[in-house]
Amino acid sequence: MSSTAIVNIATLVTNDPSLGDTSPLGQVRDAAVVIDGDRIVWTGGSSEAPATDNRVDAAGRAVVPGFVDSHSHLVFAGDRTDEFNARMSGRPYGAGGIRTTVAATRAASDAELEANLTRLLTEALRQGTTTIETKSGYGLTPEDEARALRLAARHTDEVTYLGAHIVAPEYADDPAGYVGLVTGTMLDACAPHARWIDVFCEQGAFDGDQARAVLTAGRARGLHPRIHANQLTHGPGVRLAVELDAASADHCTHLTDADVDALAAGRTVATLLPGAEFSTRAAWPDARRLLDAGVTVALSTDCNPGSSFTSSVPFCIALAVRDMGMTPDEALWSATAGGAAALRRTDVGRITPGARADLVLLDAPSHVHLAYRPGVPLVAGVWRRGVRAF
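Conventions used here
Residues numbered from 1 in each chain as written. Predicted model: local features only at pLDDT ≥ 70, side-chain atom pairs only at ≥ 80, totals over all residues. Heavy atoms only, no water. Helix = DSSP H or I, 4+ residues; strand = E, 2+ residues; numbered from the N terminus. Buried < 20%, exposed > 50% of the residue type's maximum accessible area, 1.4 Å probe, protein only. Polar contact = N/O pair within 3.5 Å; in protein donor to acceptor, adjacent residues only side chain to side chain. Contact = heavy atoms within 4.5 Å. pLDDT = per-residue confidence, 0-100. Expected span 1.5 Å × (residues − 1). Arc of directions from axis to C-beta. Phe/Tyr/Trp six-rings, centres within 6.5 Å; stacked < 30°, edge-to-face > 60°. Axes fitted to C-alpha atoms, helices over the stretch in contact; angles between N-to-C directions. Parallel < 35°, antiparallel > 145°, perpendicular 65-115°, else oblique. Left-handed = near helix turned anticlockwise from the far one by under 90°. Nonpolar A, V, L, I, M, F, W, Y, C, P; charged D, E, K, R; others polar. Core = buried A, V, L, I, M, F, W, Y, C linked by side-chain atoms within 4.5 Å. Salt bridge = Lys/Arg side-chain N within 4 Å of Asp/Glu carboxyl O.

### As for the side chain of E133
Moving on, step 1. Mapped onto the elements, E133 comes out in strand 6 (residues 129-135).
Moving on, step 2. Relative accessible area serves as the criterion here: at 0%, E133 is assigned to the buried category.
Moving on, step 3. Among the polar contacts made by the side chain of E133, one reaches the side chain of K135 at a distance of 2.7 Å.
Moving on, step 4. At a separation of 2.6 Å, a polar atom in the side chain of E133 contacts the side chain of T160.
Moving on, step 5. The residues contacting E133, other than those within four sequence positions of it, are D69, S70, H71, S72, E158, T160, R226 and L343.

### Examining the confidence of the model for the protein
Moving on, step 1. Taken as a whole, the protein shows an average pLDDT of 96; of its residues, 99% reach a score of 70 or greater.
Moving on, step 2. The least confident element of the protein is helix 1 (residues 81-88), whose mean pLDDT is 88; the most confident is strand 5 (residues 67-69), at 99.

### Structural notes on helix 3 (residues 110-126)
Moving on, step 1. Taking 1.5 Å per residue as the helical rise, helix 3 with its 17 residues ought to reach 24 Å, and the 24 Å between its terminal C-alpha atoms agrees with that figure.
Moving on, step 2. All of the buried residues in helix 3 are L113, E114, N116, L117, L120, L121 and A124. Buried residues of helix 3 fall within an arc of 160 degrees about the axis and therefore sit on the same side.
Moving on, step 3. Where the residues of helix 3 are buried, they touch helix 2 (98-107), strand 6 and helix 4 (142-153).
Moving on, step 4. In the stretch just after helix 3, G128 is the one whose phi turns positive, near 100 degrees.

### With respect to the packing of aromatic side chains
Moving on, step 1. Inspection of every chain in the model, using the stated rule, returns 5 aromatic pairs.
Moving on, step 2. Between the aromatic rings of F76 and F309, the centroid separation amounts to 5.8 Å while the plane-to-plane angle is 75 degrees, which identifies the pairing as edge-to-face. One end of the pair, F76, is in the loop between strand 5 and helix 1; the other, F309, is in the loop between strand 13 (297-299) and helix 12 (313-323), with 233 residues separating them in the sequence.
Moving on, step 3. Seen from their ring centres, F278 and F315 are 5.1 Å apart, and the 90 degrees between their planes marks the pair as edge-to-face.

### Focus: the side chain of R345
Moving on, step 1. Its place among the elements puts R345 in the loop between helix 14 (337-342) and strand 14 (359-362).
Moving on, step 2. When neighbours within four sequence positions are excluded, R345 is seen to be in contact with T131, E158, R195, A340 and R356.

### Points about the packing of helix 3 against helix 4
Moving on, step 1. The contact between helix 3 and helix 4 brings their axes to 10 Å, and the two run at 45 degrees. By the angle between their directions, the pair helix 3 and helix 4 is classed as oblique. Relative to helix 4, helix 3 is oriented so that their crossing is right-handed. Between helix 3 and helix 4, the residues in contact are D110, L113, E114 and L117 and R147, L151 and A152, respectively.
Moving on, step 2. Taken together, the residues of the contact of helix 3 with helix 4 sort by class into 4 nonpolar, no polar and 3 charged.

### Quick word on the nonpolar core
Moving on, step 1. Residues Y161, Y178, I227, L290, L299 and I317 are the most contacted members of the largest nonpolar core, which totals 84 residues.
Moving on, step 2. Residue contacts for I317: discarding those within four places in its chain leaves F67, L299, A331, L332, A335 and L370.
Moving on, step 3. Formed by 16 residues, the second largest nonpolar core is a distinct cluster that contains V28, V33, V56 and L359.

### Describing the pattern of salt bridges
Moving on, step 1. This model, assessed by the stated rule, comprises 24 salt bridges.
Moving on, step 2. One salt bridge in this structure joins E114 and R154, with 2.7 Å as the shortest N-O distance. With E114 in helix 3 and R154 in the loop between helix 4 and strand 7 (158-164), this pair connects stretches of sequence that are 40 residues apart.
Moving on, step 3. Overall, the relative accessible area of 56% leaves R154 in the exposed class.
Moving on, step 4. R221 is the partner of D188 in a salt bridge, and the nearest nitrogen-oxygen pair spans 2.5 Å. Of this pair, D188 sits in helix 6 (residues 185-190) while R221 sits in the loop between helix 7 (208-220) and strand 9 (224-225), and the two are 33 residues apart along the sequence.
Moving on, step 5. Three or more residues joined by partner-sharing salt bridges are found here, namely E158, R195, R345 and D347.

Quick look at the structure:
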């Protein structure tokens with residue numbers, strides 16, 4: 001173990017108002033941060049930084065918390081380029097394309113799935129993502145779902161059982177039978193390898209009653225609920241999420257006033273996934289409406305091979321600012337502290353003493369450049385658990 005001070009930081013975003021300018025971002029100007037082992041142990045003015053074993057000169061650049069990507073689908077095989085190309089040529093997106101990935105994933109070896117998983121995780125890390133959640137959902141048999149979760153659990157603590165992604169092809173004429181499998185034998189195989197349970201509550205996938213059955217069964221086995229809700233249409237998903245105290249309701253594109261009120265009154269985070277709207281030319285979620293109502297909002301990539309094949313949180317921040325009514329400050333908070341809230345974590349998403357030492361050095365003097373300079377590779381360095389990844 002050794003200590004490291006990062007000094008001469010133009011703007012340090014702590015996400016703790018008590019440490020900085022009293023804004024939600026808790027910004028400290030002309031700052032330094034000290035890492036000891038895998039933890040943050042000190043923040044403050046650069047000239048006041050204590051002696052450490054190592055010293056890194058930020059040279060007037062910004063440091064922000066590592067991004068917390070609380071919604072992704074990284075255990076899969078195959079490619080859906082043709083589907084994307086056709087959709088961009090005029091065919092609308094629906095849930096059915098998932099079956100293409102299911103077939104490819106079932107046919108892939110463990111080694112092939114893990115190689116693709118690690119490639120995407122490395123890609124995300126290089127863009128500043130230091131905590132990531134990922135799901136099963138492309139196997140849809142007890143054996144394939146369990147192996148997806150086992151592979152994911154080798155690389156992240158935030159693993160989600162999504163056997164209820166769509167009804168498996170073998171059960172196309174018996175959706176009730178498939179729900180029974182998801183809540184029975186499949187759950188038995190998958191629960192030991194996951195922290196969360198999820199369901200795609202949407203037309204073409206699972207209705208409100210089926211989603212309730214899946215989530216309550218998972219909760220009885222010690223898995224905490226999250227839910228794909230209100231992506232393609234209005235539906236019961238958001239209010240079901242709040243009723244069951246789900247950690248997050250994800251997508252939240254089509255909301256009634258009652259949905260917004262429910263989110264504002266509960267603990268459930270609204271996780272917005274602008275990569276999906278970008279890739280499907282769908283209507284954008286109205287982040288401004290949610291924020292003004294007092295809802296906690298997270299931003300995530302929804303990285304998956306069909307509807308949002310991006311691992312870039314900075315790209316999603318730029319989309320949220322440009323097209324969803326968020327300010328640059330709000331978007332950064334939602335991609336860090338908001339993502340942590342969606343995972344019910346307090347040790348990540350902030351740069352405060354005692355937090356995990358996950359930091360991103362930007363090749364810019366301010367986090368605002370993440371939206372101001374979209375598409376530019378601004379991540380100049382990443383520390384994860386106190387170790388510089390690059």
